[in-house]
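Read off the chains here:
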Amino acid sequence: MKFRQFAQCVMLATLSTTIGARSSDLSYERVVYLEASAETSANASLGDLDADGDLDIVLAKGRHSPLVDPVLLNDGTGNFSERHAVGSDADRTYTAALADLDGDGDLDLVVGNDRPDDKRIYTNDGTGHFSLTGTFGESDWPTRNVTVVDLNADDRPDIVVANRGGPNYVCMNDGRGRFPPCRILSAESATTIGAADLTGDGRPDLVVPHRDGGQSFVFVNNGDGMFPERMAIGPAVSSTRAVATGDFNGDGRVDVVMGDEATGGAKLYLNRAGSSFEAPIDLGLPNDRVYSMAVADLDDDGHADLVLGNVRAPGAVLVNDGTGRTFERVSFGDDQGAVYGLAIGDIDGDEHLDIVAARSGAPNVVYLGCC
């Protein structure tokens, strides 16, 4: 499959100023502070760590100065009074990604640390307590986000590593939750890498947005976790911190959204028949300086919506009307700090999706969704 970038014109998505019947009810005014003070957090992950049926949180902290990554266990109502550290060491963590690495049915942890710290694998004992069982990659990598996804259809998640300044790497799972020497994916400077089946062949492809003024690419998976073909996406010069994927126009094909630091907001690239993208659609506002994004159906209408996490500006839920071209904006949060990471899930069991915001320079918070 060949992707061709069509960028002759830029289409503007409508940000509705009127209130729709369903999305008008969306509110994120109830806030739960996960910590009392501001630190350098970079990400949050959600999963049932102790097999009690609710969503727990792991916070990735210490993005430039070492901190301990905490586990927050949910009592089922969105209360996180039971807390403990992932491990005993403070480190410079950008990502703490949850996945069943060894096939035993519980969620293990991939910790992506900046240099000079080891990149670490922790195994869950089934109660939400973790033991250090290995490492991956090299300690001198300037690692930012890691993406955990099964690249070769062996039912074991692999690790994709985004390194600021490059190169980026793929680390394949040996089937037991161990990761032998990694191989280079690409040379671009990246701080995040998206994974989704963009060609419609059932294999997860990789989107590598350029972080430092270069071309972004889609890398097409051959089914073995190898990526012999790459196709340009977006402008020749970009500076992107955030990427997200989802089917925004309901055509069964996965689309790509990338943050745009140059102009603000984000750009949506609708997937055209699995072989090309339409011209970019501008989303958000110029004062949206997007550090993170997430995709979920927040108003329960069957359409993928987009959440933007900003720096020094409130976040935004962009509620999709199903066409991928018209979105209603629902703001949340304040203008404090930088939202480096987002996680979406029903924290308090009320059947409304909530937003977990991992912030640097402001306390980490949960915005409880209603109604």
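Note that the coordinates shown come from a computational prediction; the quantities given were computed from them, not determined experimentally.

**Brief notes about the overall build of the protein chain**
Thinking step 1. Helices and strands together make up the secondary structure of the protein chain, namely 0 helices and 32 strands.
Thinking step 2. A compact globule built from 371 residues would reach a C-alpha radius of gyration of about 21 Å, and the protein chain, at 19 Å, matches this within 12%.
Thinking step 3. Across its three principal directions, the C-alpha atoms of the protein chain cover 50 × 45 × 35 Å.
Thinking step 4. Taking all 371 residues of the protein chain together, the buried fraction comes to 56%.
Thinking step 5. Within the protein chain, residue pairs in contact and separated by at least 24 positions form 47% of the contacts whose partners lie at least 6 positions apart.

**Description of the state of the cysteines**
Thinking step 1. This structure, assessed with the given rule, holds 1 disulfide.
Thinking step 2. Put simply, Cys171 and Cys182 are joined by a disulfide, and their sulfur atoms are 2.0 Å apart. The sign of the S-S torsion, about 105 degrees, decides the handedness of the disulfide formed by Cys171 and Cys182: right-handed. Of this pair, Cys171 sits in strand S14 (residues 168-171) while Cys182 sits in the loop between S14 and strand S15 (183-186), placing them 11 residues apart in sequence. The residues Cys171 and Cys182 share a single accessibility class, namely buried.

**Observations regarding the packing of aromatic side chains**
Thinking step 1. The final tally for this structure, using the stated rule, is 6 aromatic pairs.
Thinking step 2. When the ring of Tyr291 is compared with that of Tyr340, the centres are 5.1 Å apart and the planes differ by 85 degrees; the resulting orientation is edge-to-face. Residue Tyr291 is located in strand S26 (residues 290-296), and its partner Tyr340 is located in strand S30 (residues 338-345); the two are separated by 49 residues in the primary sequence.
Thinking step 3. A network of ring pairs unites the aromatic residues Tyr28, Phe332 and Tyr367 as a single cluster.
Thinking step 4. Over the face of the ring belonging to Phe217 we find Arg230, whose NZ or CZ atom lies 3.8 Å from the ring centre.
Thinking step 5. One Lys or Arg, Arg241, reaches over the ring of Tyr291 and ends 3.9 Å from the middle of that ring.

**Overview of the sheet that holds strand S12 (residues 143-149)**
Thinking step 1. Strands sit in the order S12-S13-S14-S15 across an open sheet of 4 strands; the sheet is antiparallel. Because the sheet does not close on itself, it has two edges, and the strands there are S12 and S15. Strand-to-strand twist in this sheet, taken as the mean axis angle between neighbours without regard to direction, amounts to 30 degrees.

**Examining the sheet that holds strand S17 (residues 205-208)**
Thinking step 1. Strand order across the open sheet formed by 4 strands is S16-S17-S18-S19, with antiparallel pairing between neighbours. Each edge of the open sheet is held by one strand with a lone partner, namely strand S16 (194-196) and strand S19 (229-238). Sheet twist, expressed as the mean angle between neighbouring strand axes with direction ignored, is 20 degrees.
Thinking step 2. Where S16 lies against S17, 3 bridges are found, and the strand directions are antiparallel. From the neighbouring strand, Ala195 faces S17, where its bridge partner is Leu206.

**As for the pairing of S12**
Thinking step 1. Of all 7 residues making up S12, 6 are buried, and the element is well covered by its neighbours.
Thinking step 2. Note: S12 against strand S13 (residues 158-163), 5 bridges, orientation antiparallel. Bridged to Thr147 within S13 is Val160.

**Considerations on the pattern of salt bridges**
Thinking step 1. Considering all chains together, one arrives at 20 salt bridges under this definition.
Thinking step 2. Put simply, Arg241 and Glu261 hold a salt bridge, and the shortest N to O gap is 2.8 Å. Note that Arg241 is positioned in the loop between S19 and strand S20 (243-246) and Glu261 in the loop between strand S21 (255-259) and strand S22 (266-269), a separation of 20 residues in sequence.
Thinking step 3. By sharing partners, the salt bridges in this structure join Arg30, Asp348 and Asp350 into a single network.

**Some details on the side chain of Asp91**
Thinking step 1. Following the sequence through the fold, Asp91 ends up in the loop between strand S7 (82-85) and strand S8 (93-99).
Thinking step 2. Judged by relative accessible area, Asp91 falls into the buried class, the value being 1%.
Thinking step 3. Here the side chain of Asp91 touches Asn113 through a polar contact of 3.2 Å, side chain to side chain.
Thinking step 4. Sequence-distant contacts of Asp91, that is, excluding residues within four places in its chain, are made with Lys61, Gly62, Ser65, Pro66, Leu67, Asp69, Val111, Asn113, Asp117 and Arg120.

**Thoughts on the confidence of the model for the protein chain**
For any part of a model where pLDDT is low, the fine detail of the predicted coordinates should not be relied upon.
Thinking step 1. Per-residue pLDDT for the protein chain averages 93, and the proportion of residues at 70 or more is 94%.
Thinking step 2. Here residues 1-21 is a poorly scored stretch, pLDDT under 50, and it has 68 contacts once near neighbours within four places are set aside; other chains count.

Reading the values: the criteria
- Within each chain, residues carry numbers counting from 1 in the order of the written sequence.
- Whole-chain, interface and lining totals are the exception, using all residues; otherwise, since this is a predicted model, local features are given only for residues with pLDDT of at least 70 and side-chain atom pairs are given and counted only at 80 or more.
- Side-chain numbers here rest on the full set of heavy atoms in the structure, without hydrogens or water.
- Starting at the N terminus, helices and strands are each numbered in turn, a helix being any DSSP run of H or I of at least four residues and a strand any DSSP run of E of at least two.
- Our radius of gyration is a C-alpha quantity, and the globule rule it is checked against amounts to 2.2 Å times the number of residues to the power 0.38.
- Accessibility here uses a 1.4 Å probe with only protein chains present; expressed as a share of the type maximum, an area under 20% marks a residue as buried, one over 50% as exposed, and anything in between as partly exposed.
- Contact definition: two residues touch when any of their heavy atoms are within 4.5 Å.
- In this description, a disulfide is simply a cysteine sulfur pair whose atoms lie within 2.5 Å.
- Two rings from Phe, Tyr or Trp (for Trp, the six-membered ring) form a pair when their centres sit within 6.5 Å of each other. Planes less than 30 degrees apart are called stacked, planes more than 60 degrees apart edge-to-face, and all others tilted.
- Counting as a charge over the ring demands two things of the Lys NZ or Arg CZ atom: a distance within 6 Å of the ring centre and an angle within 35 degrees of the ring normal.
- Pairing between strands requires that DSSP locate at least two bridges from one strand to the other.
- All axes here are fitted lines through C-alpha atoms, helices being fitted over the stretch that makes contact, and every angle between N-to-C directions spans 0 to 180 degrees.
- Within this document, salt bridges are pairs made up of a side-chain nitrogen of Lys or Arg and a carboxyl oxygen of Asp or Glu, the two lying within 4 Å of each other.
- N or O atoms within 3.5 Å of each other form a polar contact, as long as, within protein, one can give a hydrogen and the other can take it, and as long as residues adjacent in sequence are counted only when both atoms are side-chain atoms.
- Within a predicted model, pLDDT stands for the predictor's per-residue confidence, ranging from 0 to 100.

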